[in-house]
Every structure is written in C-alpha cells, then in structure tokens.
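# Fold and geometry: a report
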Amino acid sequence: MPSLNYVAPTTVSDAVKILADASGPTRVLSGGTDLLVQLRAGRISPELIVDTKKIPGIMGITGSAAEGFTIGAATTGAELGDHQALKAAYPGVVEAANLIGSKQVQGRASLAGNLCNASPAADSVPAVIAAGGTVTIAGPSGTRTAPAESIVTGPGRTSLAKGEFIVSFHLPAIKGKTSDAYLRFIPRTEMDIAVVGCGVSITVDAGGTITAAKISLGAVAPTQVPVDASCIIGTKLDDAALAKLDAAAQAMCNPIDDKRGTIEFRTKVAGVLARRTAKIAYDRAGAR
Amino acid sequence: MTFIGNKSDLRVVGTRPVRPDGVDKVTGRAVYGADATMPGQIIGKVLRSPHPHARIISIDTSKAEKLPGVKGVITSADIPNIPSEEAFVGEGPMNFRDLSLNCMARDKVLYEGHVVAAVAAINDAVADAALKLIDVKYEVLPHVIDVEEAMAPGAPILHDTLFTAGVTPKPTTPSNVAKQVRFTIGDVEAGFKQADVIVEQTYTTAPVHQAYIEPHACVAAIAADGQVLITASSQGHFMIRAYTAKLLGIDIANIRVTNAEIGGGFGGKTVVYLEPLAVALSKKSGRPVKMTMTREDVFRGTGPTSGGTIWVKVGATKDGKITAAQTVIKLQAGAFPGSPINPALMCAFAMYDLANVDTLGYDVVSNRPKVAAYRAPGAPISSFAAESAIDDLARKLGMDPIELRLKNAAKQGSKTVYGVTHGVIGYEEVLNAAKAHPHWTAPLGKNQGRGLATGFWFNIGGESTGGVFINEDGTASVVTGSPDIGGSRASMAMMAAEVLGIPYEKVRAVIPDTASIGFTHVTGGSRVTYATGMAVTQAAQAVVEDLKKRAAMIWDISPEAVEWKDGEAVPAGANAGGFDPLPLAAIALKAAKTGGPIGSEISVNAQGAGPGFGAHICDVEVDPETGHTTILRYTAVQDVGRAIHPAYVEGQIQGGAVQGIGWALNEEYIYNKKGHMDNAGFLDYRIPVASDLPMIEAVLVEVPNTRHPFGVRGVGEVPIVPPMAAVRNAIRGALDLELFHLPMSPPRVRAAVDAAKAPKAAE
Ligand SMILES: Cc1cc2nc3c(=O)[nH]c(=O)nc-3n(C[C@H](O)[C@H](O)[C@H](O)COP(=O)(O)OP(=O)(O)OC[C@H]3O[C@@H](n4cnc5c(N)ncnc54)[C@H](O)[C@@H]3O)c2cc1C
C-alpha cells in the first residue's frame with residue numbers, strides 16, 4: 001500500500017531542499033482546503049506533503065498603502081479581512097479572498113493555495129492580477145519575483161519549477177486615485193464556484209477621467225484572461241465606454257459548457273460583470 | 001375515539017417545550033447510522049457500475065479475495081434470486097425482485113452507479129484496494145436518460161419482461177412504459193366547450209434528490225445460529241427488517257433492527273440499499289460489517305424523485321368558474337418501475353371543486369437510479385404545472401389569483417378525480433388567511449414580483465404501535481415504533497402528558513428496536529403524529545382508566561365514582577366519598593399492591609387522516625442581466641389541523657418550502673453524453689444555503705381533523721407542494737417572463753430574458 005509522508009520544515013531553504021530532493025509526487029501545503037479535499041477524493045495521491053506553515057513569515061501582512069504590502073503565502077483569508085489598512089488600500093483583493101468558501105474555510109484558505117491550485121475559477125486570482133500583484137518564489141537557484149498572471153498555465157498547472165514554491169505576494173504602493181474591485185457570479189450566494197469572476201483596478205485623475213486600468217476575468221477560459229482596458233481609458237466610464245468594455249470582456253471569453261454554466265451564459269455574464277466591477281472600482285478610485 | 005382537542009382545554013398540546021433529542025444532537029452525543037458500532041466490526045464497500053446500461057458478462061472476484069485483509073466478497077450469486085412480488089412496506093408499492101436487483105445487479109446494470117459487487121475488509125484502504133481488483137466484464141448497451149426519449153419508438157429497452165400495464169389489449173412487445181393510468185370525472189370535452197378562456201402548456205421538472213444531510217449507513221451482523229442484528233438510520237426499522245428478511249430469505253423473527261438517530265430522510269430512507277448487503281457480507285466474513293455511503297454514493301446510487309413532462313389544459317368562464325382541467329404526465333421512474341405517477345395525477349387539481357377533470361399518466365423507466373419517495377411524492381411535480389397554469393389563467397381573466405382559487409375552492413363534499421369526497425378540510429380558510437396576510441399586499445420594487453401557489457396532500461394513517469408505561473416514581477415512559485425525523489418524540493410525550501395530566505418534563509419518549517414493540521409502518525406520508533399519536537393517546541387513556549381503577553381500589557369505591565383531573569384521581573362527586581385527591585405518583589408508588597405495573601401498549605390501523613392544504617406567497621427579485629433570482633420574502637400558510645408542538649410544525653413548513661425553493665431554482669441532475677451524472681456532490685448539485693433564503697414565515701391555520709383525538713392532520717408533506725409554482729409565478733410577475741421548465745436556474749432565466757427581447761422572427 002502506498003504511504004504518505006508529512007514534513008513541516010522551519011526555514012525556506014530547508015523547504016526548498018526537501019522539495020528539490022523529493023523523488024515521488026510531492027505537494028506543498030498551505031491551508032489544505034484544496035489539497036486535503038483532493039487527497040480525500042482520491043484525485044491526487046502524493047507521497048510527500050511539505051507544510052509551509054512552520055516557516056516564520058509565511059503567514060502575516062507587512063507594509064502600507066504608501067509602500068505597498070507584502071503578504072505571506074499562507075496568510076489566511078480571515079487575516080486579510082481583519083487587516084484594516086490592506087482592506088482600505090485593496091478592497092478588491094480582500095473582498096475576492098474573503099469570498100472563498102465559508103467562515104470555516106476562511107480560517108485556512110490562502111492566496112498561494114488559491115493561485116497554485118490553478119483553477120480557472122479561483123476567486124482571488126483575477127483580483128490579485130488586476131491589482132498588479134507579484135509573487136516571490138523560492139527555489140533551488142534562489143529567489144525570483146514574477147507577475148501573478150505568469151503562474152497559472154492551465155487548469156491544475158503552474159509555471160513553478162521543481163523545488164520552487166511561493167513565499168509571498170506583493171501588492172504595489174497605491175499611486176494617486178487608484179482602487180480595485182472584484183465580483184463573481186454564482187447561482188447561490190455562497191459555497192459555490194465562480195461561473196465568472198472579474199477583477200478590476202482603475203486609476204482616475206482629479207476630474208474623474210480614467211488614466212489607467214487593469215482587468216482580469218476568471219472562469220471563462222483555461223486560465224485567467226486579461227481584458228483590453230483601452231476602451232475605458234480616457235473616459236469617465238459613461239454608457240458608451242461601458243458598452244465597449246462589455247464587448248471587450250465578451251471577446252476574451254473562451255469558456256466551456258459544463259455543469260456550472262453554458263458558453264453563451266458565461267460569455268454574456270462576463271460582459272455584465274466587467275461593467276459592474278469597473279463601476280465599483282471607478283467609484284472607489286474617485287472617492288480617494 | 002372522542003375528540004379532546006379543544007384549544008381551551010389543552011395544557012401541554014400547543015406549547016413549545018424543548019425537544020428531548022436536542023441536547024444529544026447539538027453536543028454530538030447522538031448516535032447516527034455511521035456512529036453505530038459492533039465489536040469486531042469490519043468495513044463493507046460496494047463496487048458500482050461505470051456504465052449506465054450494460055450486460056454483465058462475468059465478474060471475477062478471485063484477485064480481490066486473495067488480497068490480505070479481505071474477509072469476503074459478494075456478487076448477485078450470494079443473494080437469493082427471488083421472484084417478482086408486489087408489496088407495500090415502504091412508502092409506495094414496491095416489487096421485491098426489483099428491490100433485490102436494485103441492491104445488487106444480476107445479469108444487467110441499469111444505471112451508472114448500480115452495485116455489482118461488495119467486499120468486506122479489515123479497513124477502508126484494503127476494501128478500496130479490493131474493489132479495484134474485481135474484474136467485471138461488460139457488454140455496453142445503448143442507454144436512455146430522458147423520459148420522452150425512453151418512450152420513443154426504438155429506444156433502448158431496459159427490461160425485456162416489462163409490458164405496459166393498464167392498456168388493452170395487453171401489449172406483446174416490451175416497453176419502457178411500465179404503466180399507463182387514468183383518473184377521470186365528468187366530461188372535459190364538454191367542459192372546455194363551456195370555457196371562455198383556456199390555457200394550455202407543457203412543463204418539465206428535473207429529478208431532484210431528497211438531499212438528507214446524513215448519508216445511508218448501517219452495521220449488521222449475523223450469528224452462527226442465523227440471528228441477525230442491524231443498526232441503521234432509516235425511516236422505518238420495521239421496513240428494514242421486512243425487506244432484509246424478504247431479500248435474503250430470513251425469518252422475520254430472526255432479525256432485530258435498532259434505529260439509529262436519523263439525519264434526514266424526506267422519504268428517501270423508506271427503502272433499503274445497504275442492509276441486505278451488510279448481512280450477506282457478514283455471513284461471508286463471520287464478522288459484523290459496517291457500511292457507510294459517501295455523498296457521491298448517495299447521488300449515484302439512491303433515489304431521487306422523478307422528473308417529468310406535464311401537459312396541462314384548464315378552461316374557465318369569463319367570471320372565473322373553472323369548467324374543465326386536464327393533464328397528461330410522464331414521470332421518470334428510474335431503472336425500475338414505480339414513479340409516483342398516481343399521486344401526481346390525483347393531487348394536481350385536488351384543491352378545486354371541479355366537475356370535469358381528466359388525468360392521464362405514464363410511469364417510465366430509464367437508465368437512472370430508481371426513484372424513491374420524496375415528501376408528497378408526485379404532488380410537487382404535477383402541482384408545479386397545474387398551479388402555474390391557474391396563475392396564467394388568472395392573468396388571462398384579469399382576476400386576482402386568490403379570488404380565482406376561492407371561486408373554485410374544494411370544500412367539504414367536493415368530489416376528487418380519484419373518487420374520494422373531501423371531508424372537513426381547510427382550503428378556503430388557508431386562502432383567506434393568505435389573502436389577509438400583510439405580505440399579500442406589501443409594495444414591490446423594480447424587477448420584483450410576487451407569486452402564489454397552493455398545494456394538497458392526502459396524509460395517511462396506517463399501522464402504529466404506541467405504549468405508555470408509568471414508572472415507580474410517577475414519571476412516564478412512552479415507546480413507539482416510529483423513527484423520529486421531525487421531533488415526534490416531543491409530540492408523543494406531549495400527547496401522553498396531556499392525557500395523563502402530568503408535566504411534559506415527566507414524560508420521556510424513546511423508540512425501541514423491532515423486537516421490543518409492536519409493528520409500526522414507516523415514518524412517511526405525514527402519518528406519525530396522526531397514527532402513532534393516536535396509539536399513544538389511546539394507550540395513555542387506557543392507563544388513565546387503569547389509574548382510576550387503582551384509586552377506586554385504594555379508596556374501596558366503585559371505579560365509576562373516580563374521575564381523572566389534572567394528573568390526580570378525585571372522587572366523582574360528593575356521593576363518592578370525601579377522599580383527598582390521589583396524584584399519579586401516589587398511585588404509582590402503590591402499584592404493586594393494586595395489581596402490579598401500570599402500562600398499556602396499543603396497536604392501531606388508523607383511518608381518517610385528514611388531508612392538508614397550503615398556500616405559499618413568494619416575493620422575488622430577478623437580475624435580468626445574470627438571470628439570478630433572489631427570494632426576498634416567503635410566507636407559507638397551511639392548515640395543520642392541530643399543531644401539537646407548533647415550533648416543529650413550523651420547522652416542517654419551513655423545511656418543505658426551502659426544499660421546494662431549491663427544486664425551483666437550481667437543483668437538477670446533470671448527465672453527460674455517456675449517461676454519467678456530472679454533479680454528484682453538493683458543490684454542483686445546488687441545494688439552497690442559509691444565505692440564499694429569507695426567514696420563511698409559517699402561518700398555522702387550525703381546522704381540526706375530527707378523526708384524531710387532538711385534531712391532528714399530517715403536516716410534513718404539503719409544504720413542498722406549492723413552492724415551485726409560487727417561485728415561478730413570482731418570477732413571471734417580476735419580469736413578465738414565461739418559464740415552463742425547472743430548474744429556473746440563472747442561465748435559463750437569462751435565456752428567457754433574451755428570448756423575450758428578441759424580435760419575433762415569423763411575425
Ligand atoms: C468548502 C469549500 C469552498 C470553497 N470555496 C471557494 C471559493 O468560493 N472560491 C475559490 O476560489 N476557492 C474555493 N475553495 C477552494 C480553496 O479553498 C481555495 O482555492 C483556497 O484559496 C486554497 O488555499 P489553501 O491554502 O487551502 O491551499 P492548499 O489546499 O494548501 O493548496 C492548494 C494547492 O496549492 C499548492 N500550494 C499551496 N501553497 C503553495 C505555495 N506556497 N507554493 C506553491 N504551491 C502551493 C498546493 O500544493 C495545492 O496544489 C473552496 C474550498 C472548499 C473546501
């Protein structure tokens with residue numbers, strides 16, 4: 001019968017060494033809300049589980065709106081929700097992370113797990129991408145930094161190499177009137193997987209004209225997809241701009257027909273959510 | 001039987017004491033099916049078919065048997081091959097042979113998930129490994145999932161021995177239509193001729209699962225002398241005993257079943273899946289065998305209720321008198337015959353006093369799990385269509401939907417399509433209470449709508465046993481054969497306390513095993529508070545008679561000269577003598593001197609269960625861009641006869657409404673082209689979560705059922721009948737969308753919005 005080993009290294013370098021030396025199937029463990037569920041369902045059968053949570057700094061939030069935030073990879077959704085400064089600076093990222101699961105799941109679920117589980121429907125990922133988030137990755141050849149959108153390469157697949165794992169997330173310093181938002185569509189009100197998710201970050205000038213925007217859609221393609229935001233830049237998000245944004249979002253959709261929604265429905269709702277999320281981010285940015 | 005349910009006379013009935021099973025349930029002490037253990041038990045697991053329809057060529061279990069830790073493997077070869085025999089043990093007609101074949105496939109598998117073999121092993125891991133070593137060779141056959149496709153010429157035939165019953169001449173070719181059935185009164189053709197307005201439409205509903213939170217579980221052991229012990233969670237331990245005996249050819253006296261605490265059943269636990277297999281595995285292995293389903297097992301292997309296609313036509317005169325109503329219903333039975341087609345037909349228009357009704361139904365098999373009872377089996381399906389049609393009729397007539405219903409309301413003396421004449425019923429009272437409720441006239445905002453629908457359920461009585469025993473200290477023990485799924489232990493204790501005249505806290509109700517109390521039919525059909533309550537009430541009354549005799553003996557007067565008042569024997573009048581009252585406890589203390597233990601066990605076959613009616617008002621807000629429906633406000637009015645414990649009655653009503661809302665909005669089985677269910681889990685089989693719902697307001701109307709001592713009517717099933725049409729009618733009100741198919745999920749509502757906007761091409 002196959003056996004399963006568990007280790008909980010206390011330093012990043014130990015963790016990297018264990019991961020790099022492992023010969024069989026190995027998984028990094030943060031909150032376990034994906035990993036343990038998959039293990040129990042027999043969908044994965046790793047021989048080694050490397051728990052990161054004993055590594056100092058892997059949980060916790062440092063920084064400020066002025067200098068940017070560093071978020072430990074395994075920081076729980078509940079902790080993000082309790083951090084007033086982070087919530088004020090990045091309401092979109094926090095509301096996305098806080099949508100994951102339920103109260104119980106929030107006590108465990110992390111940004112790193114949400115990203116590296118590599119589900120197209122992961123809630124925090126479009127929000128982190130839209131916010132311009134980057135990740136710090138430790139590996140056998142040292143530490144590197146990468147944009148959040150470069151990690152997921154397909155359903156269940158990431159660009160992380162053998163021996164690598166995510167140590168932290170970084171959200172940039174807030175410049176000027178910038179804010180973000182995240183909306184998802186689910187048939188119920190919680191405990192559901194996004195049929196469409198949308199993260200938007202918007203910067204406006206003093207007159208309320210959009211000077212920069214970044215938009216990411218989830219659950220409408222094998223990975224999160226960017227939406228060309230040029231149609232709203234230079235506008236005050238009037239109806240014409242919103243209509244163009246709706247079309248631009250729909251144009252990026254390449255969803256599947258499945259138990260969670262039809263291609264047609266997902267595509268239409270992507271347009272709806274792009275409009276609605278942009279409106280929230282725009283209003284928040286204007287209020288800065 | 002005398003009626004003792006006048007509200008002003010009641011002390012205990014109608015109050016809301018704490019439930020006796022509450023502390024154990026909230027502290028985790030309660031023993032549910034999966035918590036039960038027997039010394040030396042091992043684990044049993046089943047192997048399920050990956051194909052929706054296939055012939056079993058061979059099953060080779062030799063490799064699995066050789067795996068260390070495996071203690072036994074069974075296939076259909078280890079289960080008696082019993083002949084076809086119709087029976088009524090659970091909550092509907094059941095063919096024993098079909099039940100056997102549903103527990104363990106022989107020759108053919110009929111749905112993805114159909115059990116083909118089972119193993120017993122020392123632990124989960126070994127059992128899982130053993131299942132992988134069983135080699136089943138299949139000849140895959142074409143399959144059919146949809147009910148209309150299953151009826152179409154050339155459809156794959158599930159059973160070569162199934163010929164449509166109810167048609168003449170008797171068919172000579174096998175069919176997936178198990179039976180055709182018709183109920184008619186009057187002349188619908190003539191009725192439609194009198195109509196000024198007619199609505200006619202085809203509706204569909206999806207099969208939905210009962211979705212009890214506790215998966216099926218049992219532990220069973222057979223001893224060397226053939227004595228069988230089973231502990232299982234079910235809606236009837238006598239049902240488990242009967243089915244296990246029949247399927248395995250064991251004498252009933254040799255089986256003793258203990259009912260575990262049950263985590264929901266809703267009709268779905270009125271049949272067996274695991275128990276006969278656990279006993280057969282125990283026989284093979286010589287060890288007690290524990291079997292527990294996963295949620296996925298529950299979805300793939302156990303009964304949902306039917307989905308169906310319902311055509312409805314209703315006609316009325318300009319002033320709203322319904323002149324004719326007609327329906328044709330095709331219900332999915334799953335892999336074996338037995339959809340709730342009869343009640344579906346009978347309930348569709350049972351709320352109305354109609355001269356001309358015609359209902360025609362088909363019971364249709366297809367490659368899905370065999371359906372099982374689900375609250376008011378059949379009624380929600382036909383009522384969704386009928387009550388949507390009545391709503392559309394009201395719109396066409398420009399009439400208020402409650403006025404239209406009042407105008408045609410069934411009342412005492414109304415004749416139903418199935419031949420029964422309604423006795424004292426409370427439908428008009430229910431409609432008037434709905435009309436008077438502030439919800440009915442509250443203002444609505446943009447994209448918001450209000451819908452109303454009503455429903456009917458027969459409720460049943462039947463066989464029950466209840467006992468009341470007076471303990472030495474003057475407390476009382478109540479025993480019944482009815483597993484408690486809705487708080488019935490509290491209600492039983494309350495009825496006994498009422499009759500005995502002692503506080504509720506002095507009465508404890510328990511449910512002993514099948515060898516320790518007389519036969520009792522399943523907890524289903526909303527029968528327990530009615531029928532078992534009748535047995536308990538009669539037992540308590542017999543005890544009171546006995547107590548009076550004992551007091552008479554102590555006082556040395558005639559028993560007729562003793563009265564029972566507020567828990568005490570008192571002399572009937574001045575002539576009887578000047579004795580101080582004798583409280584129950586004082587008589588109990590002297591029981592040995594007055595004839596021994598005091599107690600009574602009564603078995604009844606209760607008749608006269610009063611039907612129940614409900615009217616639900618639902619407000620929704622629909623997001624036209626996403627098709628998402630939010631339930632804003634929900635009021636459920638119901639005639640409950642007499643609420644013994646109003647909080648549990650309200651709980652029944654709220655629960656039924658919520659299950660109906662799930663049925664309306666999101667619940668469905670999603671099959672892929674291979675005939676596999678794609679959503680066998682609660683993530684994608686979407687029952688409502690708490691945050692989806694407002695508080696459901698239950699309004700209790702009490703029109704006592706004079707056939708029950710306290711006036712009880714069953715309450716557990718009516719509340720799931722109206723919600724689908726209530727939600728549908730509300731969505732229609734919000735966006736003026738015509739929706740005819742369940743579930744009214746966001747993609748479907750959004751598609752309807754788009755279709756309504758699209759310019760009509762042909763016009
Ligand atoms: C009931 C329930 C509801 C849920 N609802 C939602 C929801 O609404 N929205 C949503 O998006 N998700 C949902 N999820 C999924 C899950 O909770 C999230 O994806 C969560 O963010 C995962 O985080 P975790 O820390 O628990 O990850 P884990 O389970 O620990 O890990 C997930 C994956 O990431 C890998 N991983 C973890 N940490 C690292 C790291 N530091 N570096 C590299 N790889 C790593 C693991 O090896 C594993 O493959 C739900 C799960 C459950 C059980």
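Residues numbered from 1 in each chain as written. Chains lettered and ligands numbered in written order. Predicted model: local features only at pLDDT ≥ 70, side-chain atom pairs only at ≥ 80, totals over all residues. Heavy atoms only, no water.

Below, the discussion takes up the overall build of chain B. Summing up its helical and strand segments, chain B has 19 helices and 30 strands in all. Taken over the C-alpha trace, chain B has a radius of gyration of 27 Å; the compact-globule value for 763 residues is 27 Å, and the two agree within 12%. Dimensions of chain B, computed from the C-alpha atoms along their principal axes, are close to 95 × 75 × 55 Å. Of all 763 residues assigned to chain B, the portion counted as buried reaches 64%. Considering only contacts in chain B between residues 6 or more positions apart, those separated by 24 or more positions represent 79%. Side chains of chain B carry 70 positive and 77 negative charges; the gap between the two charge centres is 3 Å. (Helix = DSSP H or I, 4+ residues; strand = E, 2+ residues; numbered from the N terminus. Rg over C-alpha atoms; globule rule 2.2 N^0.38 Å. Buried < 20%, exposed > 50% of the residue type's maximum accessible area, 1.4 Å probe, protein only. Contact = heavy atoms within 4.5 Å. Lys, Arg positive; Asp, Glu negative; His and termini not counted. Charge placed at Lys NZ, Arg CZ, Asp CG, Glu CD.)

Scanning chain A for helices and strands turns up 10 helices and 14 strands. Taken over the C-alpha trace, chain A has a radius of gyration of 19 Å; the compact-globule value for 288 residues is 19 Å, and the two agree within 12%. When its C-alpha atoms are laid out on the principal axes, chain A stretches across 60 × 45 × 35 Å. When each of the 288 residues of chain A is scored for burial, the buried share is 51%. Partitioning the contacts of chain A with sequence separation of at least 6, the portion at a separation of at least 24 is 59%. For chain A, the accessible area works out to roughly 12000 Å², and carbon and sulfur atoms hold 56% of it. Averaging the locations of the 28 positively and 24 negatively charged side chains of chain A gives two centres separated by 2 Å. (Areas by Shrake-Rupley, 256 points an atom, 1.4 Å probe, with all protein chains shown as cover.)

Glancing now at the packing of helix H7 (residues 237-248) of chain B against helix H8 (residues 275-285) of chain B. Residues and elements named next belong to chain B. Where H7 contacts H8, the two axes come as close as 9 Å, and the packing angle between them is 55 degrees. With respect to H8, the element H7 is oriented oblique. Where H7 crosses over H8, the two elements pack in a sense that is right-handed. Counted together, Ile 240, Thr 244, Leu 247 and Leu 248 of H7 and Glu 275, Pro 276, Val 279 and Ala 280 of H8 form the full contact between these two elements. Of the residues assigned to the contact of H7 with H8, the class counts are 6 nonpolar, 1 polar and 1 charged. (Axes fitted to C-alpha atoms, helices over the stretch in contact; angles between N-to-C directions. Parallel < 35°, antiparallel > 145°, perpendicular 65-115°, else oblique. Left-handed = near helix turned anticlockwise from the far one by under 90°. Nonpolar A, V, L, I, M, F, W, Y, C, P; charged D, E, K, R; others polar.)

The next point concerns the interface of chain B and chain A. Note on interface size: it is often stated as the accessible area lost on association of the parts. Tallying the contact residues gives 23 residues for chain B and 18 residues for chain A. Between chain B and chain A, roughly 2000 Å² of surface is buried when both sides are summed, and carbon and sulfur atoms account for 55% of that area. Along the contact surface separating chain B from chain A lie 7 salt bridges. Between Asp754(B) and Lys268(A) there is a salt bridge, and its shortest N-O distance comes to 2.3 Å. In this assembly, chain B and chain A are joined by 14 residue pairs in polar contact (both at pLDDT 80 or more). Of all the secondary-structure elements, those providing two or more residues to the side of chain B that touches chain A are helix H4 (124-133) and helix H19 (746-757) of chain B. Top contributing element to the side of chain B that touches chain A by residue count: H19(B), with 4 residues. (Buried area = accessible area lost by both parts, 1.4 Å probe. Salt bridge = Lys/Arg side-chain N within 4 Å of Asp/Glu carboxyl O. Polar contact = N/O pair within 3.5 Å; in protein donor to acceptor, adjacent residues only side chain to side chain.)

On to the packing of helix H14 (residues 488-500) of chain B against helix H15 (residues 528-555) of chain B, then. All names here are of chain B. Look at H14 against H15: their axes get within 9 Å of each other, and the N-to-C directions meet at 30 degrees. When the axis of H14 is compared with that of H15, the two are roughly parallel. Here H14 runs over H15; the crossing is right-handed. Contacts between H14 and H15 involve Ser 488, Ser 491, Met 492, Met 495, Ala 496, Val 499 and Leu 500 from the first element and Val 528, Thr 529, Thr 532, Gly 533, Val 536, Thr 537, Ala 540, Gln 541, Val 543 and Val 544 from the second. Residue composition of the contact of H14 with H15, by class: 10 nonpolar, 7 polar and no charged.

Below, the discussion takes up empty space enclosed by the protein. The final tally for this structure, using the stated rule, is 6 cavities of 30 Å³ or more. Lining the largest cavity are 20 residues, and of these Pro187(A), Thr629(B), Leu665(B), Asn666(B) and Asp692(B) lie nearest its centre. Elements with a contribution of two residues or more to the lining of the largest cavity: strand E29 (629-639) and helix H17 (646-665) of chain B. Looking at the second largest cavity, its volume works out to about 70 Å³. (1 Å grid on protein atoms, 1.4 Å probe; cavity = no way out; pocket = protein on both sides within 12 Å on 5 of 7 lines; lining within 4 Å. Points joined across faces, edges and corners; volume = space filled by probe spheres on them.)

Let us now look at the domain arrangement of chain A. Split by domain assignment, chain A resolves into domain 1 (5-51), domain 2 (61-171) and domain 3 (177-286). The C-alpha centroid of domain 3 of chain A is placed 35 Å from the C-alpha centroid of domain 1 of chain A. (Domains from an automatic or database assignment.)

All names here are of chain A. The environment of the ligand is made up of 31 residues, and the closest members are Val 28, Ser 30, Thr 33, Asp 34 and Ser 110. Leu 35 places a main-chain nitrogen or oxygen 2.7 Å from an oxygen atom of the ligand. The contact in question runs from a nitrogen atom of the ligand to an N or O atom on the backbone of Gly 101, over 3.0 Å. Protein contact buries 90% of the 980 Å² of open area that the ligand shows by itself. Among the elements of the structure, strand E2 (26-29), helix H2 (35-40), helix H7 (111-116) and strand E10 (165-171) are those that each provide at least two residues to the shell around the ligand. Of the residues forming the shell around the ligand, the biggest block, 4 residues, is contributed by H7. In terms of residue class, the shell around the ligand is made up of 16 nonpolar, 9 polar and 6 charged. (Near = heavy atom within 4 Å.)

Here we come to the environment of Ser282(B). Residues and elements named next belong to chain B. In this fold, Ser 282 is placed in helix H8. For Ser 282, a relative accessible area of 1% puts it in the buried group. The sequence separation of Ser 282 and Thr 258 amounts to 24 residues, and the corresponding C-alpha distance is 17 Å. Residue contacts for Ser 282: discarding those within four places in its chain leaves Ala 220, Ala 221, Ile 222, Arg 287, Pro 288 and Val 289.

Before going further, it helps to spend a moment on the nonpolar core. All names here are of chain B. Val 314, Phe 349, Leu 393, Tyr 634 and Val 727 are the most contacted members of the largest nonpolar core, which has 110 residues in total. Excluding its chain neighbours within four sequence positions, the residues that come into contact with Phe 349 are Val 312, Val 314, Ala 325, Gln 326, Thr 327, Leu 354, Val 357, Thr 359 and Ala 386. Counting residues in each nonpolar core, the second largest holds 53 residues, with Ala 490, Met 534, Ala 576 and Val 712 among its members. (Core = buried A, V, L, I, M, F, W, Y, C linked by side-chain atoms within 4.5 Å.)

So, on to the sheet that holds strand E20 (residues 448-457) of chain B. Residues and elements named next belong to chain B. Strand order across the open sheet formed by 4 strands is E20-E28-E29-E30, with mixed pairing between neighbours. The sheet terminates laterally at E20 and strand E30 (696-701), the two strands that pair on one side only. Taking the axes of each pair of neighbouring strands and ignoring which way they run, one obtains an average angle of 15 degrees across the sheet. In this sheet, strand E28 (residues 612-622) lies alongside E20 in antiparallel orientation, the contact comprising 10 bridges. In the sheet register, Arg 450 faces E28, and the bridge partner there is Asp 619. Packing against the sheet, helix H13 (residues 427-436) makes contact with E20, E28, E29 and E30, and its axis sits at approximately 30 degrees to E28. (Pairing = 2+ DSSP bridges.)

With the rule as written, the count across this model stands at 19 aromatic pairs over all chains. Centre to centre, the rings of Phe69(A) and Tyr90(A) are 6.4 Å apart; their planes meet at 80 degrees, and the pair counts as edge-to-face. Remark: Tyr90(A) occurs in the loop between helix H4 (84-89) and helix H5 (91-98) and Phe69(A) occurs in strand E5 (residues 68-72); sequence separation between them is 21 residues. Classification of Phe69(A) as buried rests on a relative accessible area of 0%. In textbook terms, an aromatic cluster arises when at least three aromatic residues are bridged by ring pairs, as seen for Tyr352(B), Tyr418(B), Tyr427(B), Phe456(B), Trp457(B), Phe458(B) and Phe613(B). (Phe/Tyr/Trp six-rings, centres within 6.5 Å; stacked < 30°, edge-to-face > 60°.)

All names here are of chain B. Pairing in this open sheet of 3 strands is antiparallel, and the strands run E24-E25-E26 from one edge to the other. Lying at the two open borders of the sheet, with one neighbouring strand each, are strand E24 (562-565) and strand E26 (582-583). Pairing between strand E25 (residues 568-571) and E26: 2 bridges, direction antiparallel. Of the residues in E26, the one forming a bridge with Glu 568 is Pro 583. Across the sheet, H15 touches E24, E25 and E26, and the angle it forms with E24 is around 130 degrees.

Quick look at the environment of Glu164(A) now. Residues and elements named next belong to chain A. With respect to the helices and strands, Glu 164 occurs in the loop between strand E9 (157-158) and E10. The spatial distance from the C-alpha of Glu 164 to the C-alpha of Gly 139 is 4.1 Å, given a sequence separation of 25 residues. In contact with Glu 164, not counting residues within four places along its chain, are Leu 19, Ile 137, Ala 138, Gly 139, Pro 140, Arg 144 and Ser 159. One polar contact links Glu 164 to Arg 144, side chain to side chain, over a distance of 2.8 Å.

Residues and elements named next belong to chain B. Under the criterion given, the structure shown has 54 salt bridges over all chains. The salt bridge involving Arg 489 is made with Asp 21; its shortest N-O contact spans 3.5 Å. With a gap of 468 residues between them, Arg 489 in helix H14 and Asp 21 in the segment before helix H1 (22-27) connect regions that are remote in the sequence. Taken as a pair, Arg 489 and Asp 21 share a single burial class, namely buried.

Our focus in this paragraph is the pairing of strand E18 (residues 322-334) of chain B. Consecutive side chains of a regular strand alternate in pointing toward one face of the sheet and then the other. All names here are of chain B. Counted residue by residue, E18 has 13 buried out of 13 residues, so it is predominantly covered. When strand E17 (residues 308-316) meets E18, the two strands line up antiparallel, connected through 9 bridges. Its bridge partner lying in E18, Lys 313 is registered against Gln 326. Taken together, E18, helix H10 (residues 341-347) and strand E19 (residues 357-365) constitute a β-α-β crossover, and its handedness is right-handed. (Right-handed = clockwise from strand over helix to strand, strands pointing away.)

All right, on to the confidence of the model for chain B then. In this model, chain B carries a mean pLDDT of 96, and residues with pLDDT of at least 70 account for 99%. Predicted complex metrics record ipTM = 0.94 and pTM = 0.96. (pLDDT = per-residue confidence, 0-100.)

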